[in-house]
Each structure stands twice: as C-alpha cells, then as structure tokens.
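The residues making up each chain are set out below.
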Amino acid sequence: MNPLNRQWFYRGFRKTLHACLSPDMVAGLWAKAGDEYARILSENPGIQAHKGAMVLPAVALYRVLYAAGVDAEALLNAYGDRMGQRFAKVVHGLTTFPGVSRLIWRHVDGIMDRMSGEALGYRRRIVSQPPEMYGVDILSCPYHELAKSLGAEKAVLCICHMDKAYMKGFHHIRYERTTAVSEGAACCDYRLRYDAEKE
C-alpha cells in the first residue's frame with residue numbers, strides 16, 4: 001500500500017494532481033512519490049513524528065513532481081492554501097462559541113509555546129506580550145531545517161501557506177505574518193491581536 005495514502009494532510013493532494021494532469025500520469029507520479037516517501041522514512045528512522053509527518057511526504061512529492069517537469073512548488077503551495085482555508089472554517093466555527101476566543105487569548109502565550117516552542121525544535125524571540133499584542137519571531141523552524149537537510153527546502157512552503165490561511169480563521173483574534181524563514185527571510189513574524197470587532 002502506498003504510504004502517502006495514510007498521510008491525512010497529503011492524501012487529498014492526489015485530487016489536485018488529477019485537476020491538471022492525466023490519470024495515468026497521476027497514478028505513476030503518486031506511486032513514485034509513495035516509493036520515495038518510504039525510502040526517505042527508511043533512511044531517517046530517528047526523525048521525530050511531528051516533523052516527519054508533515055515534511056517527509058512534502059519532500060517526496062516535491063522531488064518526484066520536480067523530476068517530472070511539473071511545477072511542484074506552485075501545486076503544493078496552492079494545496080496548502082486550500083487546506084488552510086478549510087481549517088480556517090473549522091477554527092472560525094469553534095471560536096464563535098461565546099467565550100472561546102477570549103479564553104484562547106488569555107492563554108495565547110502558552111498555546112503558541114506548545115505549537116512553536118523550543119521543545120519542538122523552534123528558535124524564537126518574543127517581541128511583545130498581551131494584552132496589546134502577542135508577537136513572536138520564529139528564527140528557525142524545524143520543518144524548514146529538516147526539508148533543507150533533505151535538499152528540498154521549498155517543499156515545506158505548502159505548510160507555511162496552510163498556516164497563514166488557517167490562522168486567519170479565529171473569531172476576534174487578528175493574525176498577521178508578513179515574512180517566513182522558508183522564503184528566505186530572517187524570521188517568521190507572527191503578530192496576534194485581540195479584536196472584538198473581527199468576525
């Protein structure tokens with residue numbers, strides 16, 4: 001069985017390929033990407049699950065698509081955007097329940113620490129704390145570092161696209177990020193503000 005079919009985030013990418021490539025080409029590319037993913041896994045058994053589950057399938061898909069002359073970066077980034085928009089709707093639905101957004105904001109520093117803290121391999125600099133704004137600069141991202149070590153750093157741009165899209169789904173919490181390490185910037189500049197007017 002193709003191991004990509006077990007990856008919840010990437011298995012829908014096959015539909016993206018069907019929208020622009022022939023069925024035979026998709027079948028061949030998907031099989032090759034599955035083989036490449038299995039090979040990367042076998043060569044890197046010590047990779048932590050939280051990084052590997054997001055990065056390794058992207059690297060495998062990127063390598064195979066690029067080798068076939070397909071615009072891997074554009075397809076993966078567009079897929080990341082679409083997945084992020086789907087997640088944004090879920091996040092918005094959950095945070096419209098009374099009090100949920102305020103509760104999240106009250107604990108935003110702890111939530112962000114669990115999502116992008118040093119225990120997960122991030123290097124970061126806290127710029128500001130609530131109540132005005134929670135600001136953090138991510139100086140080094142483990143997803144980007146892993147993809148770079150595998151020679152396919154552009155493969156993880158799709159994760160950045162997903163992240164940027166879904167973070168806009170919060171009710172009453174305004175999110176902004178203008179730079180990303182994976183795009184060559186010095187940091188990913190996360191800025192979150194509580195805004196009671198934001199729907």
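Now for a description of the structure that goes with this document. This is a predicted model, so every value here is computed, not measured.

### Some details on the overall build of the protein chain
(1) Moving on: Within the protein chain, the secondary structure is distributed over eight helices and four strands.
(2) Moving on: The order of α-helices and β-strands along the protein chain, N terminus first, is α-α-α-α-α-α-β-β-α-α-β-β.
(3) Moving on: Taken over the C-alpha trace, the protein chain has a radius of gyration of 18 Å; the compact-globule value for 199 residues is 16 Å, and the two agree within 12%.
(4) Moving on: Over its C-alpha atoms, taken along the principal directions, the protein chain stretches across nearly 55 × 30 × 25 Å.
(5) Moving on: In the protein chain, which comprises 199 residues, the proportion classed as buried is 49%.
(6) Moving on: Long-range contacts, defined as pairs at least 24 residues apart, comprise 62% of the intrachain contacts of the protein chain with a sequence gap of at least 6.
(7) Moving on: Within the structure as shown, the protein chain displays about 10200 Å² of accessible surface, and the carbon and sulfur contribution to it stands at 55%.
(8) Moving on: With 26 positive and 21 negative side-chain charges, the protein chain shows a spacing of 4 Å between the two charge centroids.

### With respect to helix H6 (residues 108-116)
For the α-helix, the turn length of 3.6 residues means that residues three or four positions removed from each other point alike.
(1) Moving on: Restricting attention to buried positions, one finds in H6 the residues Val 108, Met 112 and Ser 116. The arc enclosing the buried residues of H6, seen along the axis, measures out at 40°, which places them on a common side.
(2) Moving on: Close packing links the buried residues of H6 with helix H5 (100-106), strand S1 (123-128), strand S2 (134-140) and strand S4 (188-194).

### Focus on the pairing of S1
(1) Moving on: In the sheet, S1 pairs with S2 via five bridges, with the strands oriented antiparallel. Following the sheet pairing, Arg 123 is matched in S2 by Ser 140.
(2) Moving on: Hairpin connection between S1 and S2: a loop of five residues separates the two successive antiparallel strands.

### What about the pairing of S2?
Side-chain direction in a regular strand flips from residue to residue, so the side chains alternate between the two faces of the sheet.
(1) Moving on: Burial of S2 is extensive: six of the seven residues sit out of reach of the surface.
(2) Moving on: In this sheet, S4 lies alongside S2 in antiparallel orientation, the contact comprising five bridges. Opposite Tyr 134, over in S4, you have Leu 192 as the bridge partner.

### Description of the nonpolar core
Burial of nonpolar side chains together is a common tendency in soluble globular proteins.
(1) Moving on: The biggest cluster of nonpolar side chains holds 58 residues, and the ones touching the most others in it are Phe 13, Ile 159 and Leu 192.
(2) Moving on: In terms of residue count, the dominant contributor to this core is helix H3 (residues 49-67) (ten residues).
(3) Moving on: Apart from residues lying up to four places away in sequence, Phe 13 is in contact with Trp 30, Leu 61, Leu 65, Leu 75, Leu 76 and Tyr 79.

### Some words on the packing of aromatic side chains
Two numbers describe a pair of aromatic rings. These are the distance of the centres and the angle of the planes.
(1) Moving on: Applying the stated criterion to the full structure yields ten aromatic pairs.
(2) Moving on: Relative to Tyr 10, the ring of Phe 9 has its centre 4.8 Å away and its plane inclined at 85°; by these criteria the two rings are edge-to-face.
(3) Moving on: Both rings, one in Phe 9 and one in Phe 87, keep their centres 6.4 Å apart while their planes meet at 40°; by these two values the pair is tilted. Taken together, the residues Phe 9 in the segment before helix H1 (13-18) and Phe 87 in helix H4 (residues 72-95) connect sequence positions 78 residues apart.

### Digging into a nonpolar patch on the surface
(1) Moving on: A cluster of nonpolar side chains, contributed by Val 90, Leu 94 and Phe 97, occupies part of the molecular surface with about 320 Å² of accessible area.
(2) Moving on: Tracing the backbone through its elements, the reader meets Val 90 in helix H4.

### What to know about the environment of Ala 165
(1) Moving on: Mapped onto the elements, Ala 165 comes out in helix H8 (residues 157-166).
(2) Moving on: Residue Ala 165 is classed as buried on the basis of its relative accessible area, which comes to 15%.
(3) Moving on: In the structure, Ala 165 is positioned 82 residues away from Met 83 in sequence and 8.2 Å away in space, judged by C-alpha atoms.
(4) Moving on: With residues up to four places along the chain from it excluded, the contact list for Ala 165 reads Asp 81, Gly 84, Gln 85 and Ala 88.

### Considering H4
(1) Moving on: Its 24 residues give H4 an end-to-end C-alpha distance of 34 Å, which sits within 8% of 34 Å, the value for a rise of 1.5 Å per residue.
(2) Moving on: For H4, the set of buried residues is Ala 72, Leu 75, Leu 76, Asn 77, Tyr 79, Gly 80, Met 83, Gly 84, Ala 88, Val 91 and Thr 95.

Parameters and conventions
Residues numbered from 1 in each chain as written. Predicted model: local features only at pLDDT ≥ 70, side-chain atom pairs only at ≥ 80, totals over all residues. Heavy atoms only, no water. Helix = DSSP H or I, 4+ residues; strand = E, 2+ residues; numbered from the N terminus. Rg over C-alpha atoms; globule rule 2.2 N^0.38 Å. Buried < 20%, exposed > 50% of the residue type's maximum accessible area, 1.4 Å probe, protein only. Contact = heavy atoms within 4.5 Å. Areas by Shrake-Rupley, 256 points an atom, 1.4 Å probe, with all protein chains shown as cover. Lys, Arg positive; Asp, Glu negative; His and termini not counted. Charge placed at Lys NZ, Arg CZ, Asp CG, Glu CD. Arc of directions from axis to C-beta. Pairing = 2+ DSSP bridges. Core = buried A, V, L, I, M, F, W, Y, C linked by side-chain atoms within 4.5 Å. Phe/Tyr/Trp six-rings, centres within 6.5 Å; stacked < 30°, edge-to-face > 60°. Patch = residues over 30% accessible without salt bridge, like charges linked within 9 Å, V, L, I, M, F, W, Y side chains within 5 Å. Salt bridge = Lys/Arg side-chain N within 4 Å of Asp/Glu carboxyl O. Expected span 1.5 Å × (residues − 1).

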